Amino acid sequence: EMIENDLAFAKALSNTKDFIFSGFFVSYFVYYYLLCSLISFLRRLRKTFGENVFYNYIIGKYSEPKEEDRFFMFIDLNDSTSIAEQLGHTKYSRLLNNCFDDIIRVTKPFKYVIYQFVGDEIVLTWLTKDDSNGRALHIANTVHQHFENSQNIYQEKFNIEPSFKVAVSRGKVNATLVGDTSKTVAYHGDVLNTTARLLGLCKKYKHNTLFTRFYLNKLNKPLSFQTKLVDTIKLKGKSNHTKVYGLSSKLDNVKQPKVITLTNIAL
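Parameters and conventions
Residues numbered from 1 in each chain as written. Predicted model: local features only at pLDDT ≥ 70, side-chain atom pairs only at ≥ 80, totals over all residues. Heavy atoms only, no water. Helix = DSSP H or I, 4+ residues; strand = E, 2+ residues; numbered from the N terminus. Buried < 20%, exposed > 50% of the residue type's maximum accessible area, 1.4 Å probe, protein only. Contact = heavy atoms within 4.5 Å. Areas by Shrake-Rupley, 256 points an atom, 1.4 Å probe, with all protein chains shown as cover. Polar contact = N/O pair within 3.5 Å; in protein donor to acceptor, adjacent residues only side chain to side chain. Core = buried A, V, L, I, M, F, W, Y, C linked by side-chain atoms within 4.5 Å. Axes fitted to C-alpha atoms, helices over the stretch in contact; angles between N-to-C directions. Parallel < 35°, antiparallel > 145°, perpendicular 65-115°, else oblique. Left-handed = near helix turned anticlockwise from the far one by under 90°. Nonpolar A, V, L, I, M, F, W, Y, C, P; charged D, E, K, R; others polar.

### A look at the overall build of the chain
Argument step 1. Along its length, the chain carries 10 helices and 8 strands.
Argument step 2. A buried classification covers 40% of the 267 residues belonging to the chain.
Argument step 3. For the chain, the share of sequence-separated contacts (at least 6 apart) that also reach a separation of at least 24 residues comes to 71%.
Argument step 4. Carbon and sulfur atoms make up 53% of the accessible area of the chain, which amounts to about 16100 Å² in all.

### Concerning unusual backbone geometry
Argument step 1. If you check the backbone angles, Asp79 has positive phi at about 55° while not being a glycine.
Argument step 2. Turning to its location among the elements, Asp79 is positioned in the loop between strand 1 (66-77) and helix 4 (80-87).
Argument step 3. With phi around 60°, Asn159 is a residue other than glycine that occupies positive phi space.
Argument step 4. Within the element layout of this structure, Asn159 appears in the loop between helix 7 (151-158) and strand 4 (164-178).

### As for the environment of Thr125
Argument step 1. Position of Thr125 among the secondary structure elements: in strand 3 (residues 121-127).
Argument step 2. Taking relative accessible area as the criterion, Thr125 reaches 0% and is therefore assigned buried.
Argument step 3. The spacing of Thr125 and Val113 is 12 residues in sequence and 5.4 Å in space, taken between C-alpha atoms.
Argument step 4. Other than its neighbours up to four places away in sequence, Thr125 contacts Arg70, Phe71, Phe72, Tyr112, Val113, Tyr115 and Tyr187.
Argument step 5. Among the polar contacts made by the side chain of Thr125, one reaches the main-chain carbonyl oxygen of Phe71 at a distance of 2.9 Å.

### A few points about the nonpolar core
Argument step 1. Counting 35 residues, the largest nonpolar core has Met73, Leu95 and Tyr215 as the members making the most contacts within it.
Argument step 2. Those residues in contact with Tyr215, other than ones at most four positions away along the chain, are Phe71, Gly134, Arg135, Ala136, Leu137, Val168, Ser169 and Arg170.
Argument step 3. In this structure, Phe72, Val185, Ala186 and Ile233 belong to the second largest nonpolar core, which totals 22 residues.

### Some thoughts on the packing of helix 5 (residues 89-106) against helix 6 (residues 135-149)
Argument step 1. Relative to each other, helix 5 and helix 6 sit at 125°, their axes nearing to 10 Å. Regarding the angle of helix 5 to helix 6, the classification is oblique. As for how helix 5 packs across helix 6, the hand of that crossing is right-handed. Counted together, Cys99, Asp102, Ile103, Arg105 and Val106 of helix 5 and Thr142, Val143, His146 and Phe147 of helix 6 form the full contact between these two elements.
Argument step 2. When grouped by side-chain class, the residues that make up the contact of helix 5 with helix 6 number 5 nonpolar, 2 polar and 2 charged.

In structure tokens:
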């Protein structure tokens, strides 16, 4: 029985060697290696450029400018200049990274695309047809609540209690891929200027969240938030007046971040 087992093992070993050195195995190995390399390369590209840009580039969606109706949401750190002066650029960068990570984490359940990080600001966007129940207000409320509840953590780590202001609007933009070696989707349209200017009015009207009538006009479901007309204004560079709204919520009162003089803190 032992001899039979040895013969069977020797035969199996011989067959294995023959298979390994056969053309079929070599071809299969090369094919498998190249496939794995391609998948790894594509995953790296997706991580580098972002999922939205990657897939749109692959299918050629924005090879030519394409008109889209979109919501845009700007989330900006309050009193960023004073905070930067107090912390210094290195620790200020750490603060921003922590804040951005927190914002992305707590708003993960909502569907959106991060358009840009601009200094101390995040710009989010999503298609108008994908939202009818006030997603932006839910995102804003989530962000405000998180930083209200995280004051002790940030104060202990940075001696800062950060808060954010939010501006939201809606409009048509032209979307196109730009860049040579580093592709990104760019949106060109007046709605971006409107939203940026609206952000600058948050402090004036003492609201952490402001949005235009263009935003409300596209919502066809009852909001779970109470809104109020803040003012009817003529934004700089605009010919028509625009109705600006805010939230009737205690979270909407602008809270200036508490900046504590830094002493004996390792930067």
